[in-house]
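# Remarks on the overall topology
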Amino acid sequence: MEANEDTAVIPAIEIDGKDGRFMFLYNVLLSNNVQGTFEIKDNILIANADDGKVFLFQIESREVLRFLQKGSSKIMLSDAQDNEKYLADNAKFTMAER
């Protein structure tokens, strides 16, 4: 995901096409690191976390995913109750080399 002034840590999703598994890191302060399986249907990547959460991403290209709030579990980026920040709809995730 692209950083902005409101994002202390950039959320990232790691996808393993061989195993059909993913790992999603979105809040280091709360140690929110979820993993599970994924599938692709109608150009939507559906990430089903082991803890029951679901995250949907529109596949824009081979290198770009866009987060879809509708149908996804909420993703809180901050643990401050008075200043909660959630991952925005259509947030862009770009492929990066590890």
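Below or above, wherever it landed, is the structure these notes cover.

Calculation criteria
Residues numbered from 1 in each chain as written. Predicted model: local features only at pLDDT ≥ 70, side-chain atom pairs only at ≥ 80, totals over all residues. Heavy atoms only, no water. Helix = DSSP H or I, 4+ residues; strand = E, 2+ residues; numbered from the N terminus. Buried < 20%, exposed > 50% of the residue type's maximum accessible area, 1.4 Å probe, protein only. Contact = heavy atoms within 4.5 Å. Areas by Shrake-Rupley, 256 points an atom, 1.4 Å probe, with all protein chains shown as cover. Pairing = 2+ DSSP bridges. Core = buried A, V, L, I, M, F, W, Y, C linked by side-chain atoms within 4.5 Å. Salt bridge = Lys/Arg side-chain N within 4 Å of Asp/Glu carboxyl O.

## Examining the overall build of the protein
- When helices and strands are tallied, the protein shows 0 helices and 7 strands.
- The order of helices and strands in the protein, counted from the N terminus, is β-β-β-β-β-β-β.
- Across the 98 residues of the protein, 34% fall into the buried class.
- For the protein, the share of sequence-separated contacts (at least 6 apart) that also reach a separation of at least 24 residues comes to 30%.
- A total accessible area of about 6,400 Å² is found for the protein, and carbon and sulfur atoms account for 47% of it.

## Describing the pairing of strand S4 (residues 44–49)
- Here S4 lies mainly inside the structure; 5 of its 6 residues are buried.
- Pairing between S4 and strand S5 (residues 54–59): 5 bridges, direction antiparallel. Opposite Ala 47, over in S5, you have Phe 55 as the bridge partner.
- Counted along the chain from S4 to the antiparallel partner S5, the turn is 4 residues long, and its residue Gly 52 has a positive phi close to 100°.

## Description of the nonpolar core
- Core analysis: the biggest nonpolar cluster contains 19 residues, and Phe 22, Phe 24, Phe 55, Phe 57 and Phe 93 have the highest contact counts within it.
- Breaking this core down by element, the ones donating at least two residues are strand S2 (21–27), strand S3 (32–41), S4, S5 and strand S6 (64–68).

## Description of the pairing of S6
- Here S6 lies mainly inside the structure; 4 of its 5 residues are buried.
- Here S5 runs beside S6; their pairing, made up of 4 bridges, is antiparallel. Paired with Gln 58 across the bridge in S6 is Arg 66.
- Hairpin geometry of S5 and S6 is characterised by an intervening segment of 4 residues between the two adjacent antiparallel strands.
- When S6 meets strand S7 (residues 92–94), the two strands line up antiparallel, connected through 3 bridges. Of the residues in S7, the one forming a bridge with Leu 65 is Phe 93.

## Here's the deal with the pattern of salt bridges
- Evaluated as defined, the whole model comprises 3 salt bridges.
- As a salt-bridge pair, Glu 39 and Lys 41 come within 3.7 Å of each other at their nearest N and O atoms.

Don't take any of this as a statement about function, it's just geometry.
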